[in-house]
Amino acid sequence: MSRFSLFAGAAALILGSHAAPVAAQSSNAARYLLQQELSKACEFSGGGGQISNGGLMERDFDGDGRDDLLIAHEAIRCGGSGRSSFCGMQVCSLRIWLRRGDLLTLEKDMLGGGIEVSGGTPPTISGYGHGGGQWSMRWSGGAFR
């Protein structure tokens, strides 16, 4: 049995025990990482985290033809306490994983809000930072710029 098969099996067991709406087409790796993010985000609120539409995106962010993953904590709601613990007064964590082989590797971890992703490959990812300043970035071949 391959490492990925073991990983996918473990993810299925974990996901089967926690409710989190995830699109049916999401990969096993994306579902596993979402569950990890929900657990951390809602750790101090007794769990029960969910992510709304637009908070989890599987798209090709680096132009290599394979789906990557973006999770915006601004879309996470925790049972009873509201927002993700990775949100401040203005912005929340934004994390982007790029597919490297069979694995998704964390490439970008930053703060932002109002996250939008354009069409095109690679797409432009934009939002606002502290104080409302706008930013945008896209994959430049070696990093997000």
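Everything numeric here is computed off the predicted structure, so don't read it as measured data.

Conventions used here
Residues numbered from 1 in each chain as written. Predicted model: local features only at pLDDT ≥ 70, side-chain atom pairs only at ≥ 80, totals over all residues. Heavy atoms only, no water. Salt bridge = Lys/Arg side-chain N within 4 Å of Asp/Glu carboxyl O. Helix = DSSP H or I, 4+ residues; strand = E, 2+ residues; numbered from the N terminus. Buried < 20%, exposed > 50% of the residue type's maximum accessible area, 1.4 Å probe, protein only. Pairing = 2+ DSSP bridges. Axes fitted to C-alpha atoms, helices over the stretch in contact; angles between N-to-C directions. Contact = heavy atoms within 4.5 Å.

*Asks:* Just give me the short version of the pattern of salt bridges, but keep the residues and values in it.
*Replies:* All chains considered together, the criterion is met by five salt bridges. For E37, the salt bridge goes to K40, with nearest N and O atoms at 3.4 Å. One end of the pair, E37, and the other, K40, are both in helix α2 (residues 28-41), three residues apart, so they sit about a helical turn from each other. Judged by relative accessible area, which is 3%, E37 ranks as buried. Where R100 meets D64, a salt bridge forms, and the shortest distance between an N and an O atom there is 3.8 Å. With R100 in strand β6 (residues 92-100) and D64 in the loop between β2 (56-59) and β3 (68-72), the pair connects residues that are 36 residues apart, well separated along the chain. Overall, the relative accessible area of 36% leaves R100 in the partly exposed class. Taking relative accessible area as the criterion, D64 reaches 36% and is therefore assigned partly exposed. Three or more residues are tied together by salt bridges with common partners; here these are E37, K40, R95 and D109.

*Asks:* For the sheet that holds strand β7 (residues 103-117), give the residues involved together with the corresponding values.
*Replies:* The six strands are arranged β2-β3-β6-β7-β8-β9 in an open sheet whose pairing can be described as antiparallel. Edge positions in the sheet fall to β2 and β9 (134-137), since each of these pairs with one other strand and no more. Taking each pair of neighbouring strands and ignoring which way they run, the sheet shows an average axis angle of 25°. Alignment of β3 against β6, held across four bridges, turns out to be antiparallel. Note that in β6 the partner of L69 across the bridge is W97. Sheet contacts for α2: β2, β3, β6 and β7; angle to β3, the most-contacted strand, approximately 20°.

No statement about biological role is implied by the geometric values presented.
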